[in-house]
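Fold and geometry: a report
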Amino acid sequence: MLELENILFTLVMLCDFAAMVLYFLFIAVKREHLSRTAVLLQSLGLVLHTAALICRGIGAGRLPLTNQYEFATSFAWGLSLVSLIFVWKFRFPVLGAFSAPVTFLVIGYAAMQSREVRELMPALRSRWLFFHVSTVIVAYGAFGVAFVVSVIFLLRGRLEKGSFLDAHIPGNEELDMISYRSAALGLLFLTFTILTGAIWAERAWGSYWSWDPKETWSLVTWIVYAVYLHLRLRRGWQGKAAAAFAVVGFVCVLFTYAGVNTFLPGLHSYAT
């Protein structure tokens, strides 16, 4: 099963790369059929990615969510899933042109990690593993989409009015709404992540909170997005300021995900 997973993982990388190229060509040569093909390829990649994760789980004899490779490939899966949902829902292929490179970078990062299957540490042998890690995958995927949409919002002012690209991007109000909904979805699932992590920590280490670097930066990220939503709902914060805030929030997400494991070892350092 692990050999099959390796083959599927390679096919996923090829599908994601081909979809990214077609999205770029869609923008460059202005051909509608290229975007439709790109969406179909990205969808195929998601199906294959799901199959690869299932094979990894069967081959490893556990949930494939316990090391850097497994989490990175799952992160890419979540980002691809959430972005496709918004692409289909809002008929917004330009979103794919911006999200596909991010997804490909994350899955490329996964490809550079060790794929060795190791025996789980006692702390990871818990039913809370699925709830904790699956919620953070959805949260990070949603935050990734909010980031991409915010970047599009910030760049849209530089586009010529009525141009091909401008015509394929929703209005500023709709972009703002998509970013807001995606960030709200991410915050909801990050809340579940922190709560399930606290319960799991108490069972594993006898304490709900230990100010481990990963815990601390997860809380920082949660506060950043909570402030973002508060300013939107209570102060009517919209437009460029809100988009810039969402970009900053995703920088916190990336540091929480990769930076902490690299520079701030702690109780979560086994996830390597």
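The sections below set out a description of the structure shown in this document. Here the structure is a predicted model, which means the values were calculated and not measured.

A few points about the overall build of the protein chain
Counting secondary structure elements, the protein chain contains 9 helices and 0 strands. Taken against the 2.2 N^0.38 rule, which gives 19 Å for 272 residues, the C-alpha radius of gyration of the protein chain at 19 Å falls within 12% of a compact globule. Across the 272 residues that make up the protein chain, the buried fraction comes to 50%. Restricting the contact set of the protein chain to residue pairs at least 6 apart, pairs at least 24 apart contribute 78%. For the protein chain, the accessible surface area stands at approximately 12,900 Å², while carbon and sulfur atoms represent 68% of it. Computed over 21 positive and 15 negative side-chain charges, the inter-centroid distance for the protein chain is 6 Å.

Re empty space enclosed by the protein
Taken as a whole and assessed by the stated rule, the structure comprises 2 cavities of 30 Å³ or more. Estimated volume of the second largest cavity: approximately 30 Å³. In terms of lining residues, the second largest cavity is bounded by Asp16, Ala19, Gln42, Ala100 and Thr103.

Quick word on the state of the cysteines
Under the definition given, this model contains 0 disulfides. The closest cysteine sulfur to the non-disulfide-bonded Cys55 is located on Cys15, 15 Å from its own sulfur. Exposure remark for Cys55: the relative accessible area of 7% places this residue in the buried category.

What about the pattern of salt bridges?
Counted under the stated rule, the structure contains 3 salt bridges. Across the salt bridge formed by Glu70 and Arg56, the nearest N and O atoms sit 2.9 Å from each other. Of this pair, Glu70 sits in helix α3 (residues 68-90) while Arg56 sits in helix α2 (residues 32-60), placing them 14 residues apart in sequence. Given the relative accessible area of 2%, Arg56 is considered buried. Ionic contacts of the salt-bridge type, sharing partners, join the residues Glu5, Arg56 and Glu70 into one network.

Cut-offs and rules
- Residues numbered from 1 in each chain as written.
- Predicted model: local features only at pLDDT ≥ 70, side-chain atom pairs only at ≥ 80, totals over all residues.
- Heavy atoms only, no water.
- Helix = DSSP H or I, 4+ residues; strand = E, 2+ residues; numbered from the N terminus.
- Rg over C-alpha atoms; globule rule 2.2 N^0.38 Å.
- Buried < 20%, exposed > 50% of the residue type's maximum accessible area, 1.4 Å probe, protein only.
- Contact = heavy atoms within 4.5 Å.
- Areas by Shrake-Rupley, 256 points an atom, 1.4 Å probe, with all protein chains shown as cover.
- Lys, Arg positive; Asp, Glu negative; His and termini not counted.
- Charge placed at Lys NZ, Arg CZ, Asp CG, Glu CD.
- 1 Å grid on protein atoms, 1.4 Å probe; cavity = no way out; pocket = protein on both sides within 12 Å on 5 of 7 lines; lining within 4 Å.
- Points joined across faces, edges and corners; volume = space filled by probe spheres on them.
- Disulfide = S-S within 2.5 Å.
- Salt bridge = Lys/Arg side-chain N within 4 Å of Asp/Glu carboxyl O.

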